[in-house]
Amino acid sequence: MGKQRLGFLSDFVEAITRRKRGGEAETLKALARPASERARVACAVLMGRIGDAARVAVAEQALSAYAELDAEERLAFFRSLRDDHGVDAEAIRTAYAAWDAQPDAAGVAHLFEVVEPARQTLLRRLNMAPGATLRLVRMRQDLLAAMRVDPDLAPIDQDFAHLFASWFNRGFLTMRRIDWNAPAAILEKLMEYESVHQMQGWPDLKRRLADNDRRLYAFFHPATGDEPLIFVEVALTQGMPDAIGPILTAPDAREPAAADTAVFYSINNSLPGLKGVSFGNFLIKQVVAQLSADLPELRCYVTLSPVPGFAAWLATQDDAAGLRGALAGGWDDDAVDALRPQVLAWGARYIAQAKARGGLPADPVARFHLGNGACAHRLNWPADLAPSALKSAHGLMINYLYELDRIEDRHEAFVRDGETAEVMQGKTLFERPGQPDISFARMRGMVEALAGALTAAGVAPGDRVAVQVEKSPEAIALYLATLQVGGIFLPLNTAYTGAEIDYFIGDAAPRLFVCDPAQLASHAHRAGDTLTVLTLGADGQGTLAERAAAATPREDAHPCGPDDRAAILYTSGTTGRSKGAVLTHGNLASNTEALLEHWRFDANDRLIHALPIFHTHGLFVAANMALVAGATMIFLTRFDAEQAIDLMDRATVLMGVPTFYTRLLKSPRLDRETTANMRLFVSGSAPLLAEDHRAFTERTGHRILERYGMTETCMITSNPYDGDRIAGAVGMALPGITVRITDRETGAPVAPGEIGLIEVKGPNVFEGYWNMPEKTAAEFRPDGFFITGDLGTIQEDGYLRIVGRDKDLVISGGYNVYPKEVEEAIDALPGVLESAVIGLPHPDLGEAVTAIVVPKSGTLDADEIRAALSDLARFKQPRQVIVVDALPRNVMGKVQKAELRKAHAGLYSQAMA
Ligand SMILES: CC(C)(COP(=O)(O)OP(=O)(O)OC[C@H]1O[C@@H](n2cnc3c(N)ncnc32)[C@H](O)[C@@H]1OP(=O)(O)O)[C@@H](O)C(=O)NCCC(=O)NCCSC(=O)CC(=O)O
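Since this is a predicted model, take the numbers as computed values, not measurements.

Peer 1: Describe the packing of helix α9 (residues 132-149) against helix α10 (residues 154-167), and please don't skip the residues or the numbers.
Peer 2: How two helices sit against one another is set out by the angle between their axes and by the gap between those axes. Contact geometry for α9 and α10: axes closest at 10 Å, N-to-C directions at 150°. Accordingly, the angle class assigned to the pair α9 and α10 is roughly antiparallel. Between α9 and α10 the crossing geometry is left-handed. From α9, Thr133, Leu136, Val137, Met139, Arg140, Leu143, Leu144 and Met147 reach across to α10, where they touch Ala154, Ile156, Asp157, Phe160, Ala161, Phe164 and Trp167. Here the contact of α9 with α10 is built from residues that sort into 12 nonpolar, 1 polar and 2 charged.

See below:
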């Protein structure tokens, strides 16, 4: 074979010699020498003046001769490329001088020509031989090895890299799905090239190509034929995986229909000779797009990636010596929990802060995925126990998250800013129409700054921080900062008046009161030795914000256990003063955990958050869930049905009070199409009309999930996620919570299906009322059950249905209003003999606060009465005041409110009609 080729080349040389007389003839004769010389000489001939047809043949001879070289001969070959085919310094000088004398376009073009090393022309000509591109890629692989011996060969590598960047332009690549029926030659290559999680033979490959829960996509280039340049292995799973073992070793394919997540668990660059050559930044995006078209039920696209540089980097960190020591000898299961926080913290620091030259992340896998538009989402440890992974990363792995509609923005940010501090949690936490997004990382910074300011303001563990501010990300940051420093968060309805605030501050004795800057004038007088008053505006401005900017950020968190107090939420009472329900960290954490699981809420969710954040629903259900899950909140200052519908195609979940749903139903735009992207609608805080539930299903195909809770207990029951969501029922107790129905008089459990008091026990139930031990004791049974004050029944089907209230309470648009408080205010007005405040059906608010008033004598002006109640929050003020001569009473003299509700039942429906 070698002889044959040599013969052909001799003939060929002769042919050229005949055509071209002169010095080259001597050179060409030399081609009859050993491979090293033939290669070198063929290159020289290629650079000479020969036609294209001859070039193809000479290029072939050059590459064939090169293929015969051993390592040492290759080194010599590369050196000759460097020395014999570089730039001609004299030519550059001359070209520069010519351009300097006459700086025209022709001069520039010539300058360019001479500045380019001759090697590039040589490589282009070599590329004319059949199948040359792949052979040149392999040549570069050899070069990279040779550079370890002789780093001065680097200029040749630059030429290769320069040419490959255009030859392997992303536009030429095609993506193909590879399955078990692909040609054996390709399948063999997959096994050979898989280097992230090596395959153990054909059965392993077959498993990775299983049709039902696996996918494999490979990218090909026309010049390299069936050579997969990059391939991506995908597992379809339920939820985001935190360890590679189950993915690699799972013996049987799981049900693909149940899969909601596509995991890119192995991404291989097949050809080492293409090292550093970028195929563009959207390879994975193309895989994501393909998967989402094929499998529309997928909701999450995520990697499970190695962190290859972690161990080497950790070895350079002085402060990590202790951790290294603990990891070095291997660890047992008992040590895992203690070590995990440290490993994850160092891992986060590595991904976010360790930089390579150029400011990009030091970790090559991070560079690839962040450059492709993913964000670093979650570190997992221990996640890969393969010896190589233990050695390179102590077993650490990471999920990079691809969110389809964020890929391009993230890529831009990465390229533009090198994504510095926000790499690790660059994911969006708050999305606000018309305003910049706020990432988790930025939020963390805000919380740490505020925690610093709180500490500087003297807030110590156990101190109350009372807050009456407009809804904003900063307000959520203040909540988290309060918890971080061990304080107790006390949110107050923005509708509360000065008189109401007086009471809360007097009762809770907070260390700090934070109000809106516009309200400072009416609150400044409260400041004193024990109370500091600061401001925080909806736009993040105010004196607290200023202090946060100046304070030393606080990174540590005061250690809190489940029994430590986290928040106080005031609820008006049936009698007299409002009561502060004290909720513990354990209450909030356990409820969040139960809801996340029950509603399958995770990092892929995008929640339309339109609730106020001074109540359980908006703060401890909606915001806590999004924060803990790592989800995104589309954060709206108030609920607007049309805006919510507009946002539904980029959201997955809405949590609302029934008024939200009544208003949505009023919009003709609410239909299957506008709600197609949504997966869950939750309703709570007040009863949802069964007819609204049914109408919503008819219009959208979605069954609203109704749940039941209250300030003192967080969430208690929920309709099932998968099972039947029954209109008019609030479902079953959440995990870990017990609900029972008891007799109102005796307190004994009633028979199934009977109506009685709803009582609840579990980790969700509050500690008690602030400074009110007697009131607390009165609402608990000796065996620890809390008496909710609602009446309900649990029927055969196991669903709880609420049938009424034992307490006198109106729920208006999701806000609780206790009639007693309003009656006391009315009765104190001049000319009023007595009053009864009731809730009447209201088409928008569910119930509307309504006052029935008896004058002392003569008549009373209803409008004047309403106007005189300005010390009450607006939502507590009666929508209508009806003046009557007398209130209906029973024989015991008790006002019969049921009679009044019946007599005036149509008041608002008539008014609205
Ligand atoms: C229903 C709403 C969307 C209505 O708000 P709107 O934005 O339409 O109202 P608005 O701000 O434009 O105000 C219009 C007028 O109505 C008054 N107004 C506003 N909300 C009111 C209400 N709920 N009841 C009575 N009046 C109300 C305002 O003072 C104003 O009066 P004027 O015109 O006179 O100035 C809102 O109130 C809301 O978001 N409610 C959710 C409450 C909630 O989160 N509850 C959860 C509690 S936790 C809990 O119960 C536990 C559990 O969840 O299980």
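Peer 1: Hey, could you go over the site of the ligand for me, with residue numbers and the actual values?
Peer 2: Around the ligand, a shell composed of 23 residues is seen, among which Arg663, Ser685, Arg707, Ser812 and Arg874 lie nearest. Summarising the interface, the protein chains cover 75% of the accessible area of the ligand, which totals 1,000 Å² for the free molecule. Only α27 (616-629), α29 (658-666) and β21 (705-710) provide two or more residues apiece to the shell around the ligand. A breakdown of the residues in the shell around the ligand according to their chemical character gives 9 nonpolar, 9 polar and 5 charged.

Peer 1: Quick rundown of the sheet that holds strand β10 (residues 435-439)? Include the residues and the values.
Peer 2: The strand order across the open sheet formed by 9 strands is β10-β9-β18-β17-β19-β20-β21-β22-β23, and the pairing between neighbours is mixed. In the strand order of this sheet, the two ends are held by β10 and β23 (732-733), each with one partner. Pairing analysis gives 4 bridges linking strand β19 (residues 653-656) to strand β20 (residues 680-683), with the strands arranged parallel. Each bridged residue has a counterpart across the sheet, and for valine 653 the counterpart in β20 is leucine 680. Those strands touched by α27 are β9 (428-432), β17 (606-609), β18 (632-635), β19, β21 and β22 (714-718), and its axis lies near 160° from that of β19. Across the sheet, α29 touches β19 and β20, and the angle it forms with β19 is around 115°.

Peer 1: Could you give me a rundown of the pairing of β20, with the residues and numbers involved?
Peer 2: Because side chains alternate across β20, one face comprises the buried residues Leu680 and Val682, and the other comprises Phe681 and Ser683, equally buried. Once the chain exits β19 it traverses α29 before rejoining the sheet at β20, and the crossover so formed is right-handed. Of the pairings in the sheet, the one linking β20 to β21 comprises 2 bridges and is parallel in character. In the strand pairing of β21, serine 683 is matched with glutamate 706.

Peer 1: Give me the nonpolar core: which residues, what numbers.
Peer 2: Ranked by internal contacts, the top residues of the largest apolar core, which has 107 residues, are Met655 and Leu664. Ignoring sequence-local partners within four residues, the contact set of methionine 655 consists of Trp599, Phe601, Leu607, Ile608, Leu611, His617, Val621, Ala622, Met625, Phe660 and Val682. Counting residues in hydrophobic clusters, the runner-up holds 105 residues, among them Ala54, Leu126, Leu143 and Leu209.

Peer 1: Mind laying out the packing of aromatic side chains, listing which residues take part and the relevant values?
Peer 2: Using the criterion set out here, one finds 32 aromatic pairs in the structure. A centroid spacing of 4.9 Å and a plane angle of 40° characterise the contact between tyrosine 496 and phenylalanine 504, whose relative ring orientation is tilted. Accessibility classification places tyrosine 496 together with phenylalanine 504 in one group, the buried group. Considering the side-chain rings of phenylalanine 681 and phenylalanine 696, the 4.9 Å spacing of their centres and the 70° angle between planes classify their relative orientation as edge-to-face. Remark: phenylalanine 696 occurs in helix α30 (residues 690-700) and phenylalanine 681 occurs in strand β20; sequence separation between them is 15 residues. For phenylalanine 696, a relative accessible area of 0% translates into the label buried. Among the aromatic residues, those joined into a ring-pair cluster are Tyr496, Tyr503, Phe504, Tyr570, Phe614, Tyr815 and Phe875. One Lys or Arg, arginine 176, reaches over the ring of phenylalanine 220 and ends 3.9 Å from the middle of that ring. The ring of phenylalanine 785 carries the charged tip of arginine 740 above its face, separated from the ring centre by 3.6 Å.

Definitions and limits used
- Residues numbered from 1 in each chain as written.
- Predicted model: local features only at pLDDT ≥ 70, side-chain atom pairs only at ≥ 80, totals over all residues.
- Heavy atoms only, no water.
- Axes fitted to C-alpha atoms, helices over the stretch in contact; angles between N-to-C directions.
- Helix = DSSP H or I, 4+ residues; strand = E, 2+ residues; numbered from the N terminus.
- Parallel < 35°, antiparallel > 145°, perpendicular 65-115°, else oblique.
- Left-handed = near helix turned anticlockwise from the far one by under 90°.
- Contact = heavy atoms within 4.5 Å.
- Nonpolar A, V, L, I, M, F, W, Y, C, P; charged D, E, K, R; others polar.
- Near = heavy atom within 4 Å.
- Areas by Shrake-Rupley, 256 points an atom, 1.4 Å probe, with all protein chains shown as cover.
- Pairing = 2+ DSSP bridges.
- Buried < 20%, exposed > 50% of the residue type's maximum accessible area, 1.4 Å probe, protein only.
- Right-handed = clockwise from strand over helix to strand, strands pointing away.
- Core = buried A, V, L, I, M, F, W, Y, C linked by side-chain atoms within 4.5 Å.
- Phe/Tyr/Trp six-rings, centres within 6.5 Å; stacked < 30°, edge-to-face > 60°.
- Lys NZ or Arg CZ within 6 Å of the ring centre and 35° of its normal.

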